[in-house]
Structures are given as C-alpha cells and as structure tokens.
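Spelled out, the chains give:
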Amino acid sequence: MKKTCITLIGALLLAACGGGDEASSDLPRGISDTTITIGSHNDLSGPLAIWGVPMTNGMRMRFAELNDAGGVHGRTIDFIVEDAQYQVPLAVKAVNKLINVDGIFAMLGAMGTPMNHATFERLFEANVPSLFPLTGARSMYEPLHPLKFAFNLSYQDQVRGAMRYMVEQNGFEKVCLQAPATDYGAESVEGYESLVEELGLESVYAGRHKGSETDFVGTATVIKNSGCELLFLGTFVKDTILLYTAIREAGWDGTVVSNMVPYLPEIPGAADGGMNGMYAVAPFYVPNFEDVEPDSWVGRWHASYQERFGEEPAAQAVIGYISADLTVIGLDRAGPDLTVEKLVAGLEDISAYQDPFGNLELSLTPTKHVATNYLNLYQVQDQKWVTIEEKVPF
C-alpha cells in the first residue's frame, strides 16, 4: 500500500522503490515481487471524456480480469489513471506524478497528440515505454523508437484510405476538407494534401476552424458553392455534428467521410437522424452488441462491462480492452524476470493476434510498432453505424 509523501525527497525515494510496494532493490522501476505499476493520463472530465472514460474503463476491465486470475507471472497490475482533461499542462503534471511519485513501469493509453508530444521526452528519459496512446498521430510510432508502440494507424493514413476508396468507387475529382486549427487537424491536412497530389485531384476548399467554434453556416455555404464532391472531416465530436448538419441544411448533398474520432455511438443518434449518410473510417472494429449471442465471448464481455460500469460500451472501451490485452501478452512473454527490454521484445513478438471482438488481426515486429494493419469503413444508416467495407487499404 502506498504511503503519503511529505517531501519531494520522500516522493523520489518512494518512486525509486516502485511506488511504495515492498520491492527488491535490484528490480526495475514499477516492479515489485507482487505488482507491476502501470500509469495512464486521460480525459475523464473534459471535452473528450466521451473518449477517455470508456477507454479507461476498457483498460481497467482487462486488468481486473487479470488480477482476479492471479496476475501475470505472479504479479498483479496496479493501474493508476490521472485525469488530464485534454489539457497539456495537466498532462505534464500527471506524467511527472506518475513517474516521480507512483514510479510507473509503463504508460498505457495516454490521450491526445499534443499531450503525448509534451511528455515523451520525460517518459523516455525515465525509460518508461509509451504503449498504445489514444491518438492517431503518426508520431506515436514514427520514427521508430524502442519505447513507442501505437494501436491506431495514423490520421494521415486514415484520410488517404477513406478518400482513395471514395474516389475509386465514385469517380470524384473535386474534393475539400475541414479540420480544426490544431496539431490533430494538421495531421488530417497532411494526409489530404498528399493524396490530392498523388491522385491528381482538385482541392476546391480546405478550411480550418477554432476548437471553440460553433457557427458553421458560413463554412457550409462556402463548401456548397465550391463544387466539392467529397468532403473529408478531420474533426472532433461536437464540431462534426454541427458541420454535418449545417452543410445538409444548406442543401449540399455531397459525400462526407471522417476519420476515427467521430466513430462514436453518440454520432448516429444526434440531430434526430440528421447524421444519416455520414461515413467514417477507423482502424478498429466494434460489434453490434444487440446482435451477438449472449453466451458468446463477446456477449459475456458485453454483459460484464454493463455490470461493472452501468453503461453500454463505446468503441473506445473496445480499444482500451485490446490495448491492455496486448500489454498483458507482452508482459507474459517477457517472463518472470521482467525488464523494459524484455517487455519490448515480448510486444515485438506479437503476430497474428486475433481481435476477440471480431475481424481485426493485429501484429507488431521489431520494425513495425503500430498494431493495426488496415481500416474499416462505416456509415450512419437509420441512426446506427453500419459496416460498409472491411480491410480498406491505405
């Protein structure tokens, strides 16, 4: 059990002992004879809590199952989550606490591109791996780094896969984009511009907006008058709903596709059916829990999640569960004499991992530190996400 730290020196001494567990002095940070301390910072109460809470729940659920079964090589997981509210200063503060006070062995599922960019250096200086952060930034796994592992294909690849598919299927020539003026939005712009050049498309409009913006009537008018046939949205949740409904109310009936961020259960039911027709690509799959057999593994998982958390699991709960499961596999393959280097080797040895929820096959190698290998295309139909195409190339 962790003791209260009175001074900074006490906190640092506590961290050196693996977060307060009775640990042998020759064991790595975050490891004791009986526990492994893993940390995370996520948005539990801010603008993207709609992503952060289910992601965290999924990770907690997998670790609870592991601990109930006796742990991995006799060690249970002590999982410590800090609420960074999708704010860089709070993320930096959280990482400093997780490293210096809690003495974590690894960071798992940390949310946000700018938050991870701001904390990578501190993590790696402390030899703490970054495992499967909740973002699609390419920088989460490129350039290749021994301590960086990602779950999601990059936002650039998501733009390229979605637009290429739509162009090939429909013969579109004039395209446009709308994205927030953030690091996240810039990644969508990069993928968009590269595919426009590669396919010889005509970009008739590329707009950026502030994260706080709520009036998209003017933007919708510009898109309608631009001659655009295919619009890519590199947006979050609220702005996705506002933008999509605004362009439909403006009378523009072109095709709209987004990346993985709006692929949430809240999107189809928004605006009283006003989101019908929208597409999204995502490097993960979420089953329709209404259609699964109650006695199947997915059916039992669904019932257990509802019992634990009192709500339906979102896509991010599935990502969190699988991310934690991949971590468990890496820890198991690392063996009882656990070190960071052995964890890395264990993760890099994961091949043909079959997603227990459905149709994804995941893999990691010494030269490939992103787990997913392809995209799925979804569309809102009758206020539900429906799978349109599986294994879309990028």
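That block above? That's the structure.
What counts, and where the lines are drawn
Throughout this document, residue positions are counted from 1 along each chain, in the order its sequence is written. The predicted nature of this model means local features are confined to residues of pLDDT at least 70 and side-chain atom pairs, given and counted, to a pLDDT of 80 or more, with totals for whole chains, interfaces and linings taken over all residues. Only hydrogens and water are set aside when side-chain values are computed; all heavy atoms of the structure are taken into account. Cysteine sulfur pairs qualify as disulfides if the two atoms are within 2.5 Å. Segments assigned H or I by DSSP are reported as helices when at least four residues long, segments assigned E as strands when at least two residues long, and all are numbered from the N terminus. Buried means the residue's accessible area, taken with a 1.4 Å probe over protein chains only, is under 20% of the maximum for its type, while exposed means over 50%, and partly exposed covers the values in between. One bridge is not enough; two strands pair if DSSP finds at least two bridges between them. When the strands point away from the viewer, a crossover counts as right-handed if the route from the first strand across the helix to the second turns clockwise. Pairing of aromatic side chains here covers Phe, Tyr and the six-membered ring of Trp, requires ring centres within 6.5 Å, and sorts the geometry by plane angle: under 30 degrees stacked, over 60 edge-to-face, intermediate tilted. Any Lys or Arg side-chain nitrogen found within 4 Å of a carboxyl oxygen on Asp or Glu counts as a salt bridge.

Trainee: Help me understand the state of the cysteines, please; the structure alone is not making it clear to me.
Mentor: Covalent bonding between the sulfur atoms of two cysteines defines a disulfide. Under the definition given, this model contains one disulfide. There is a disulfide in this structure between Cys-176 and Cys-228, and the S-S distance comes to 2.1 Å. With the S-S bond torsion at -85°, the cross-link from Cys-176 to Cys-228 turns out left-handed. Remark: Cys-228 occurs in the loop between α7 (217-225) and β8 (230-233) and Cys-176 occurs in strand β6 (residues 174-180); sequence separation between them is 52 residues.

Trainee: Where do I start with the pairing of strand β9 (residues 255-258) in this structure?
Mentor: Here is the key point about a regular strand: its side chains alternate between the two faces of the sheet. Burial along β9 is two-sided: Thr-255 and Val-257 and Val-256 and Ser-258, pointing in opposite directions, are all buried. Two elements, β8 and β9, share four bridges in a ladder whose sense is parallel. Paired with Phe-232 across the two strands is Val-257, which belongs to β9. Following the backbone out of β8, through helix α8 (residues 238-249) and into the adjacent parallel β9, one traces a crossover that is right-handed. Summarising the sheet, β9 and strand β10 (residues 279-282) pair through two bridges and their orientation is parallel. Bridge pairing in β10 links Ser-258 to Ala-280.

Trainee: Would you mind showing me how to read the packing of aromatic side chains here?
Mentor: Two descriptors summarise a pair of aromatic rings, namely the distance from one centre to the other and the angle between the planes of the rings. One pass over the full model with this rule turns up 16 aromatic pairs. Taking the centre distance of 5.4 Å and the plane angle of 75° together, the rings of Tyr-263 and Trp-385 count as edge-to-face. Residue Tyr-263 is located in the loop between β9 and α9 (266-269), and its partner Trp-385 is located in strand β14 (residues 384-392); the two are separated by 122 residues in the primary sequence. As far as burial versus exposure is concerned, Tyr-263 and Trp-385 are alike and both buried. With 5.3 Å between their ring centres and 25° between their planes, Trp-301 and Tyr-305 make a pair best called stacked. Taken together, the residues span about one helical turn, with Trp-301 and Tyr-305 both in helix α10 (residues 297-309) at a distance of four residues. When sorted by exposure, Trp-301 lands in the same class as Tyr-305, which is buried. Among the aromatic side chains, those forming a connected cluster through ring pairs are Phe-289, Trp-297, Trp-301, Tyr-305, Phe-309, Tyr-321 and Phe-357.

Trainee: Please explain the pattern of salt bridges as it appears in this structure.
Mentor: Side chains carrying opposite charge are able to pair once their charged atoms draw close together. The full count for this structure, using the stated rule, is 10 salt bridges. For the salt bridge of Glu-198 with Arg-164, the shortest nitrogen-to-oxygen distance reads 2.9 Å. With Glu-198 in helix α6 (residues 183-199) and Arg-164 in helix α5 (residues 155-170), this pair connects stretches of sequence that are 34 residues apart. The class of Glu-198 is partly exposed, set by a relative accessible area of 45%. Here the salt bridges do not stand alone but share partners, grouping Arg-62, Glu-65 and Asp-325 into one network.

Trainee: I tried to follow the sheet that holds strand β5 (residues 148-149) on my own but got confused; where do I start?
Mentor: Hydrogen bonds between backbone groups are what pair the strands of a sheet, and the pairing can be parallel or antiparallel. The sheet built from five strands is open, its strands ordered β2-β1-β3-β4-β5 with parallel pairing. The open sheet has two edge strands, β2 (76-83) and β5, and neither has a second partner. The sheet contact formed by strand β1 (residues 35-42) and strand β3 (residues 106-108) spans two bridges and is parallel. Among the inter-strand pairings, Ile-38 is bridged to a residue of β3, identified as Ala-106.

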